[in-house]
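Coordinate analysis (summary)
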Amino acid sequence: MLTKIRQIEFSKFAPLLVTLAFILILIQYSFHPLESIFYDFWIKTDIAAKNFQSPVVLVSLDEESDQFLGETYPYTYASHTRLMDRLVADQPALVNYFVSLLEPDSEVEARYQTEFHEAIKTFSPAGDRFKFGTEIDNLGELIPPETLRDVGYYLGQLYKDQLVFSKDEVVRRAILNISGEDSLHLWTAKRYRELQGLPALDATAYKGAYYNSEADANFALFKYSGNPASTRIPSIPFHRVVVGNFPKGYFKDKIVLVGSSYLSNSSDFIQTPFEKESNRTPKLAVHADVIEALVGEKTIYDIDDLITQVAAVFLAILLSFVISRVQPVKGLMITILLILGILLTSYLAFVTFGWWIKLSHLVLSIFVVYYIWVPFRAIEEYQTRYAIQEETKLLKQVDNLKQNFISLMSHDLKTPVAKIAGIADILKIKFPNTTEQAELIDNVVSSTKELNNFINSILDLTKIESQNLTLRKESKDVNKIIEGIIEKLEFEASAKEMRIEADLSPLYPIQIDTVLMNRVISNLIENAIKYAGRGKTIAVRTWDEPDWVYVEVRDDGVGVGPDDLLHIFDKFYRVKNDSTHSIKGSGLGLYLVKYFIELHNGVITASSQLGVGTSFIIKLKNE
């Protein structure tokens, strides 16, 4: 047992132990500023929450209404009475009043206050369709004037994250109730749901709702249905409603929020996840978003911190194992993909189920793992790379020896092959031969030609692999090259009862290596003669465009199958079927053709269909 323990290389576990120590320290801290960035980004990009038809209409007291009415905030009771009369006539579902009305300062105002009270009672005789919204300031709750209190009022406070979470001024959560009494937002949502035939939900029924004993209140994080500073929520100035300047049915069955939105009054604006740098979002619009979220049950469940902490430790161990097994570059890619995967999972959970998975511990844990493990892996990688470099030097020397050997052998073979071909030509020309002897001599000539082509292919391949092949470009008309090749191969084609047809459009000379281009086009036509079949036709066509010159070699032969066509330009690849097994070749022709064309910065493509034929199209730079 002790022997086995001694054999363990504890140094390999050092990075893991250091990593776990860092992670365990890391998860003890909250990173609310970082977390708020993720949270607010999910809110802003939540596409699912935006697919919501707003049931709210805003009526705003602002500078425009001041000027039109000749009054100042909070306006006279006469104006408010006329507003209520207009609203009642258009049959809204509910009305929330976020206006801090004053006690009347004259008999006329007192009379209009009474009329305003009667208008409210006419609209909401049971007190279940109209409520005042109040706020709490340093002096306490700002409640309506005594004469109007019987119509009902609830706290309509927007809760800022001043003491919790990121401790900023942003509204992210809604007050559901306080000291056992529903907030105005919850009351409005419950009543509207009842009017729509939906079950009314209490504070504890909402997903993610939680109780804060210090405030004696229930809260819930909520989703915005879009940027409340935009024109998404219908809004109309106070004075237009007073004079009836709005379409009929504009307020019908809607929740109407009446409140102030003075550009000159910063207290009428508030920060949201959409506008964090400045107070540019009207409070009235944020009230609407809170109500919309409660009506649509768009609250958020905050996943317990313990779950994310355990997940952070698990991911740290998993990523440590992965990075210790792969190269640093791959480790970096895996780290990036893991972070993206966590972000995507968190986002989908947020928009689909309303689950908020805190990301700071998870993301920071991954960074800690990466920055601890990468130096260790870099050292190992350097040692491995050094060994590979030494091995590569040796292999390069062996490869050079191989290339030299092949080159020497190929050059040495060309001489005896040329002599054999010369002797065969002499035997054929100078001496009378029987039919059988002539046939044998033709076979010798044909075989030496094939062997010579094979040697040339091997030499070209050797030059390619040793990077010694260079272009010798000259200005040349491609048509002239093609005409010479066709003339040279016509006899070979006629021996197989084949025709070579040329449709050569006039071309300007272009910069090409004449020798290599001759090899390319010869190979394509010779292949067609070999493989198309007896009696077939080979068509060679050229045309040009401003940037390219095209050469097509097409036959109407047996064609090539789709599987073979994928590999037709591969080194040493040959199509194997009943019609080709007897045809000799090296499998290098098309590989070299493609290489030579690409060396000219050109492109070659092949298309084929069994029983129909094969086509090769070359694109060369028109320069």
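These numbers come from a predicted model, not from an experiment. Residue positions within a chain follow its written sequence, with the count starting from 1. Only residues with pLDDT of at least 70 are given local features in this predicted model, and only at 80 or more are side-chain atom pairs given and counted; all residues enter the totals for whole chains, interfaces and linings. Side-chain measures were taken over the full set of non-hydrogen atoms in the model, leaving aside hydrogen atoms and water.

1. Structural notes on the pattern of salt bridges
Every case where a carboxyl oxygen of Asp or Glu lies within 4 Å of a side-chain nitrogen of Lys or Arg is listed as a salt bridge. What the rule picks out here adds up to 25 salt bridges. Residues joined by salt bridges that share partners form a network here, namely Asp40, Asp161, Asp168, Arg172, Arg173 and Lys276.

2. Digging into the environment of Asp182
In this text, helices come from DSSP runs of H or I with a minimum length of four residues, and strands from runs of E with a minimum of two, each type numbered from the N-terminal end. Following the sequence through the fold, Asp182 ends up in strand 9 (residues 181–182). Each C-alpha atom, one on Asp182 and one on Asp202, is 8.5 Å from the other, the two residues being 20 residues apart in sequence. Residues in contact with Asp182, not counting those within four places in the same chain, are Tyr154, Leu176, Asn177, Trp187 and Lys190. Contact definition: two residues touch when any of their heavy atoms are within 4.5 Å.

3. Details of helix 6 (residues 77–89)
By this rule, a helix spans an expected 1.5 Å times one less than how many residues it contains. Under the 1.5 Å per step criterion, the end-to-end length of helix 6 is 18 Å for 13 residues, consistent within 8% with the ideal 18 Å. For every residue, the accessible area obtained with a 1.4 Å probe (protein chains only) is divided by the maximum for its type, and the residue is called buried under 20%, exposed over 50%, and partly exposed between those limits. The set of residues buried in helix 6 consists of Tyr77, Ala78, Ser79, His80, Thr81, Leu83, Met84 and Leu87. Among the residues trailing helix 6, Gln91 stands out with phi positive, at a value near 60 degrees.

4. A few points about the nonpolar core
Residues belong to one nonpolar core when they are buried, are Ala, Val, Leu, Ile, Met, Phe, Trp, Tyr or Cys, and are joined through side-chain atoms within 4.5 Å. Counting 69 residues, the largest nonpolar core has Tyr39, Leu58, Leu257 and Phe350 as the members making the most contacts within it. Sequence-distant contacts of Leu257, defined by excluding residues within four places in its chain, comprise Val56, Val57, Leu58, Val59, Asn96, Phe98, Leu284, His287, Ala288 and Ile291. Judged by nonpolar contacts, the second largest core, of 41 residues, contains Ile481, Leu516, Met517 and Ile618.

5. Concerning the packing of aromatic side chains
Between rings of Phe, Tyr and Trp, where Trp is taken as its six-membered ring, a pair exists when centres lie within 6.5 Å; planes separated by under 30 degrees are stacked, by over 60 edge-to-face, and by other angles tilted. This structure, assessed with the given rule, holds 25 aromatic pairs. Between Tyr159 and Phe219, the ring centres sit 4.8 Å apart and the planes meet at 55 degrees, which makes this aromatic pair tilted. Of this pair, Tyr159 sits in strand 7 (residues 159–160) while Phe219 sits in strand 11 (residues 217–222), and the two are 60 residues apart along the sequence. Measuring from ring centre to ring centre gives 4.8 Å for Phe222 and Tyr224, while their planes differ by 45 degrees; the resulting arrangement is tilted.

6. Quick notes on the pairing of strand 11
The buried count for strand 11 comes to six of six residues, which makes it a mostly enclosed element. Side-chain alternation along strand 11 places Ala217, Phe219 and Leu221 on one buried face and Asn218, Ala220 and Phe222 on a second face that is also buried. By the bridge criterion, five bridges tie strand 8 (residues 171–178) to strand 11 in an arrangement that is antiparallel. Note that in strand 11 the partner of Ala174 across the bridge is Ala220. Strand pairing is assigned whenever DSSP detects at least two bridges linking the two strands. Between the end of strand 10 (residues 210–212) and the start of strand 11, which pair antiparallel, lie four residues, with Asp216 showing a positive phi angle near 50 degrees. Bridge analysis of strand 11 against strand 16 (residues 299–302) gives two bridges, and the strand direction is antiparallel. Residue Leu221 lies in a different strand from strand 16, and its bridge partner there is Ile300.

7. A word on a nonpolar patch on the surface
Like charges within 9 Å and nonpolar side chains (Val, Leu, Ile, Met, Phe, Trp, Tyr) within 5 Å are joined into patches, using only residues over 30% in relative accessible area that form no salt bridge. Residue exposure ignores everything except the shown protein chains as possible cover, and the areas themselves are Shrake-Rupley values with a 1.4 Å probe. A contiguous nonpolar patch, built from Val329, Leu332, Met333, Ile336, Leu337 and Leu340 and spanning about 560 Å² of accessible area, is present on the exposed surface. Inspection of the secondary structure puts Val329 in helix 12 (residues 328–353).

8. Looking at the confidence of the model for the protein chain
As a per-residue quantity, pLDDT reports the predictor's confidence and falls between 0 and 100. With 87% of its residues at a pLDDT of 70 or more, the protein chain shows a mean pLDDT of 84. This stretch, residues 5–10, has a pLDDT under 50; its non-local contacts, to residues over four places away or in other chains, come to two contacts.

9. Here's the deal with the sheet that holds strand 23 (residues 603–609)
Taken together, five strands build an open sheet; the order of strands is 19-21-22-24-23 and the sheet is mixed. Here the strands that pair on one side only, and so sit at the sheet edges, are strand 19 (499–504) and strand 23. Along the sheet, successive strands turn relative to each other by an average axial angle of 10 degrees, direction set aside. When strand 19 meets strand 21 (residues 537–544), the two strands line up parallel, connected through six bridges. Bridging across to strand 21, Glu501 finds its partner in Ala539. The axes used here are C-alpha line fits, helices contributing only the stretch in contact, and every angle between their N-to-C directions lies in the interval 0 to 180 degrees.

10. Some words on unusual backbone geometry
The amide bond that connects Tyr73 to the next residue, Pro74, takes the cis arrangement and shows omega of 10 degrees. Tracing the chain through its elements places Pro74 in the loop between helix 5 (63–69) and helix 6. Of note, Phe165 is a non-glycine position whose phi angle comes to about 55 degrees, a positive value. The backbone phi angle of Glu297 is positive, close to 55 degrees, even though this residue is not glycine. With respect to the helices, strands and loops of the structure, Glu297 is situated in the loop between helix 10 (283–295) and strand 16.

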